[in-house]
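# Overview (structure and organization)
Chain by chain, the residues:
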Amino acid sequence: MRTEIEIYVYTEEAADPKLFKIDPDISVEELLKIISPDRHHELCLTLSGEDAPKVRNHRLKDCGLHNGRHVHCHPHGKTGHHRHEHHVEVIVNGKPVHVKYVPQEHGMLLVERALEKSHNSGQKPENWQLRDEKGTTLDQSKPVRDYKLTECSKLFLNLKAGGGGAIG
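The present account deals with the structure reproduced in this document. Counting of residues starts from 1 at the beginning of each chain's written sequence and follows it residue by residue. The predicted nature of this model means local features are confined to residues of pLDDT at least 70 and side-chain atom pairs, given and counted, to a pLDDT of 80 or more, with totals for whole chains, interfaces and linings taken over all residues. Side-chain numbers here rest on the full set of heavy atoms in the structure, without hydrogens or water.

For the rest of this paragraph, the subject is the overall build of the protein chain. Along its length, the protein chain carries two helices and eight strands. Runs of E in the DSSP output that reach at least two residues are strands. Runs of H or I that reach at least four are helices, and both are numbered from the N terminus. Helices (α) and strands (β) of the protein chain occur, in sequence order from the N terminus, as β-β-α-β-β-β-β-α-β-β. The rule is simple: take the accessible area with a 1.4 Å probe, protein chains only, and divide by the maximum for that residue type; under 20% is buried, over 50% is exposed, in between is partly exposed. Across the 168 residues in the protein chain, those meeting the buried criterion constitute 42%. In the protein chain, once contacts between residues fewer than 6 apart in sequence are set aside, the share between residues at least 24 apart is 55%. Residue exposure ignores everything except the shown protein chains as possible cover, and the areas themselves are Shrake-Rupley values with a 1.4 Å probe. Carbon and sulfur atoms make up 50% of the accessible area of the protein chain, which amounts to about 9700 Å² in all. Pairs of residues are marked as contacts when any of their non-hydrogen atoms sit within 4.5 Å.

Once that is clear, we can look at the environment of His41. With respect to the element layout, His41 can be found in the loop between helix H1 (28–35) and strand S3 (43–47). Placed 12 residues apart in sequence, His41 and Glu29 show a C-alpha to C-alpha distance of 8.3 Å. Excluding anything up to four places from it in sequence, His41 contacts Arg56 and His76.

So, to be careful, I would describe these as geometric facts and stop short of saying anything about function.
See below:
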């Protein structure tokens, strides 16, 4: 029995990502055929937060595609996510970092990028709390567009209370 992974695919046609359960041993070409059987030859695939399209004959697991990953499927010559890509300043434990995001991506992805850019790898992303400038906790399972960010918005990312681990 093969282990399937779940990936979230963004396309030009849909505002929200579509969840696919796939075999990580298939090629990028095979995934494109699953996503768009009629147009797969016109499309390429990029991982969220990356610029370069993935090589069509490479296996997904060799391209950095793992469970829960977000990808963009777009016509050749267009990096689909750049047309809708935005930046926001995230203050991670007092340290500002600039993070790219696509409005339809879930907030958890923005949190993962902020933690990576700020070199905070000691705690899982779900142990962090994301707040806006008013102090409102933002639901990381929701699309970033729901946060209603502007060019001047700042977000704050801090460990949740009690996130430091058990003492014993």
